[in-house]
Amino acid sequence: MGAFTGAFLRPNVANRLERLPMTNYQRSLFGIIATAWFFDSMDLGIMTFVLGSIKAEFGLSTAQAGLLASSSFLGMFLGAAIAGMLADKYGRKPVFQWSMVFWGVGSLACGFAQDVDQLMIFRVILGFGMGMEFPIGLSMVSEIVPAKSRGKYVAILEGFWPLGFIAAGILAYLTLPLIGWRGIFIALSVPAAFVFVIRRYVPESPRWLEEVGRNEEAEKVISKMEKNVIKANGGLALPEPNKQAAPSLLKRDKRTLFAELWHGVYAKRTIMLWALWFFALLGYYGLTTWLGALLQQAGYEVTKSVTYTIYISLAGIPGFIFSAWLLEKWGRKPTCVLMLVGSAGAAYVYGQTASAQAPVAQLIASGLCMQFFMFGMWSVLYAYTPELYPTRSRATGAGFASSVGRLGSLLGPLAVGVILPFTGHTGVFTLGAASFMIAAFVVIALGTETKGKSLEDVSG
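Residues numbered from 1 in each chain as written. Predicted model: local features only at pLDDT ≥ 70, side-chain atom pairs only at ≥ 80, totals over all residues. Heavy atoms only, no water.

A word on the overall build of the chain. Of the regular secondary structure elements, the chain holds 19 helices and zero strands. Among the 460 residues that make up the chain, the fraction classed as buried is 62%. Considering only intrachain contacts with a sequence separation of at least 6, the fraction spanning at least 24 residues in the chain is 85%. For the chain, the accessible area works out to roughly 16,600 Å², and carbon and sulfur atoms hold 67% of it. (Helix = DSSP H or I, 4+ residues; strand = E, 2+ residues; numbered from the N terminus. Buried < 20%, exposed > 50% of the residue type's maximum accessible area, 1.4 Å probe, protein only. Contact = heavy atoms within 4.5 Å. Areas by Shrake-Rupley, 256 points an atom, 1.4 Å probe, with all protein chains shown as cover.)

Let's shift gears to the packing of aromatic side chains. Applying the stated criterion to the full structure yields 21 aromatic pairs. A connected cluster of aromatic rings, assembled from ring pairs, spans Trp 277, Tyr 284, Tyr 285, Phe 375 and Trp 378. (Phe/Tyr/Trp six-rings, centres within 6.5 Å; stacked < 30°, edge-to-face > 60°.)

Nonpolar side chains collect at one region of the surface, where Trp 98, Val 101, Phe 102, Val 105, Ile 121 and Ile 125 lie side by side and expose about 540 Å² of accessible area between them. Within the residue set of the nonpolar patch, elements represented by two or more residues are α4 (92–110) and α5 (116–144). Sort the elements by how many residues they give to the nonpolar patch and α4 lands first, with four residues. Inspection of the secondary structure assignment puts Phe 102 in helix α4. With a relative accessible area of 32%, Phe 102 lands in the partly exposed category. (Patch = residues over 30% accessible without salt bridge, like charges linked within 9 Å, V, L, I, M, F, W, Y side chains within 5 Å. Salt bridge = Lys/Arg side-chain N within 4 Å of Asp/Glu carboxyl O.)

Its location among the elements puts Ser 107 in helix α4. For Ser 107, the residues in contact, after removing those within four places along its chain, are Asp 43, Leu 126, Phe 185, Ile 186, Leu 188 and Ser 189.

This part takes up the pattern of salt bridges. Pairing of side chains with opposite charge becomes possible as their charged atoms draw close. Taken as a whole and assessed by the stated rule, the structure comprises ten salt bridges. The salt bridge involving Glu 18 is made with Arg 207; its shortest N-O contact spans 2.7 Å. Highlighted residues: Glu 18 in helix α1 (residues 13–18) and Arg 207 in helix α8 (residues 206–211), separated in sequence by 189 residues. Note that Arg 182 and Glu 57 form a salt bridge whose closest N and O atoms lie 3.4 Å from each other. With Arg 182 in helix α6 (residues 147–189) and Glu 57 in helix α2 (residues 24–58), this pair connects stretches of sequence that are 125 residues apart. Judged by relative accessible area, Arg 182 falls into the partly exposed class, the value being 24%. Since its relative accessible area comes to 45%, Glu 57 is described here as partly exposed. A network of salt bridges, in which partner residues are shared, links Arg 16, Arg 19, Glu 219 and Glu 226.

Between α5 and α6, whose axes approach to 11 Å, the crossing angle comes to 155°. Accordingly, the angle class assigned to the pair α5 and α6 is roughly antiparallel. For the element pair α5 and α6, the recorded crossing hand is right-handed. Here α5 contributes Leu 119, Arg 123, Phe 134, Gly 137, Leu 138, Val 141 and Ser 142 to the contact with α6, which in turn contributes Arg 150, Val 154, Leu 157, Trp 161, Trp 181 and Phe 185. Taken together, the residues of the contact of α5 with α6 sort by class into nine nonpolar, two polar and two charged. (Axes fitted to C-alpha atoms, helices over the stretch in contact; angles between N-to-C directions. Parallel < 35°, antiparallel > 145°, perpendicular 65-115°, else oblique. Left-handed = near helix turned anticlockwise from the far one by under 90°. Nonpolar A, V, L, I, M, F, W, Y, C, P; charged D, E, K, R; others polar.)

With that settled, consider the confidence of the model for the chain. Looking at the chain, pLDDT values average 81 and 87% of them are 70 or higher. The low-confidence segment residues 1–10 (pLDDT under 50) makes 28 contacts with residues lying over four places distant or belonging to another chain. Considering only residues more than four positions removed or in separate chains, one finds that residues 246–255, a stretch of pLDDT under 50, has 22 contacts. (pLDDT = per-residue confidence, 0-100.)

The calculated volume of the largest pocket comes to roughly 200 Å³. The wall of the largest pocket is formed by Tyr 25, Leu 29, Lys 93, Arg 200, Tyr 201, Val 202, Pro 203, Lys 220, Val 221, Lys 224, Met 225 and Asn 228. Of all the secondary structure elements, the ones that give two or more residues to the lining of the largest pocket are α2, α7 (195–201) and α9 (215–232). With five residues, the top contributor of residues to the lining of the largest pocket is α9. Looking at the lining of the largest pocket, its residues break down into seven nonpolar, one polar and four charged. (1 Å grid on protein atoms, 1.4 Å probe; cavity = no way out; pocket = protein on both sides within 12 Å on 5 of 7 lines; lining within 4 Å. Points joined across faces, edges and corners; volume = space filled by probe spheres on them.)

Here it is in structure tokens:
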């Protein structure tokens, strides 16, 4: 097939991608991106398990510990906004690679921090790389996987988040007594070398290449993908693509990428996504970043607090699997509301259980329920967000939504550190529950459904 040369003469990249069956080739690309996501999750999640040890070593107050826990989210706020615009201008692949370099260097530097001020600075650098990676990974998967499978695979991508979180807990449990929190940060910098795998095997998004007019490169990438799909599918011929141009190619304009987020139907979507990300992440990180430290403060020793936090996190696995299934069966909007309301209710119950110093089994049971809904919530956030913008501004839209969410991430742990001495566990988890409920009301009022639609149909 030749490159796209006219609106109705030849099928464009989107139509050629949408008719591809899912094969081991696309799954291998997904697996590479998901592995990078997994390592990133480990680096961010490790703070939950080592914050108590760092707090003790440096003699930090709860407010200072909250500020330290929030420092990586300042970097994520900056990284997500900047990376989205860079990826829409220069491409997904190079920005994704640089994100791994930043978080690898940041994690390594954390291991050599001489005081808490240096540690905060290095956590900002680490967070900058993480903030870059998340929206770009979302865009890459969304633009490679066809509409019939997109929601499921983006939700599964999010599932590597709880897996990374659990792996971070296991790593902390096994190595914290041996190498300390510094050694853990140094060890977590090693997976950044995975950038060389990304560089060799993951192609640039052909949708983006065509959108910016690099048609010859788009043709090479999509043709290679088609050949790989045919090979992975046992040599079966591909179905003929629709020759009608997709809306994104018929409606180009000269607006800046950021201005487009506030034009027409996108303005309502942007308001909804920014509010959703802000309140959902404020609630989530305000609670999970402190889980281990709160258990230690309640009288549990370090190893037990880490163990209990790992147990609680295990519910994230069935949570994201259920959410991934429900996204395609029920739809994005109702699934999002269910997970947010469930997170609110479970967080409130967990707070009441923790404050009452209930038996360990009851504490873990309520924590399992909380993590089930919260990780299910993450699946919806990551599946839903990139679907609401066109290819030309998808990374920018996802990046700014994630960036606004990082403001919530930054404020959440900080707010917990401030209010904990006054309200105890009950006030902390009530704050998280209220944040989730506000996010749910925003989705009910402003959300739109995208299930089963191609990216071009949604953005057209």
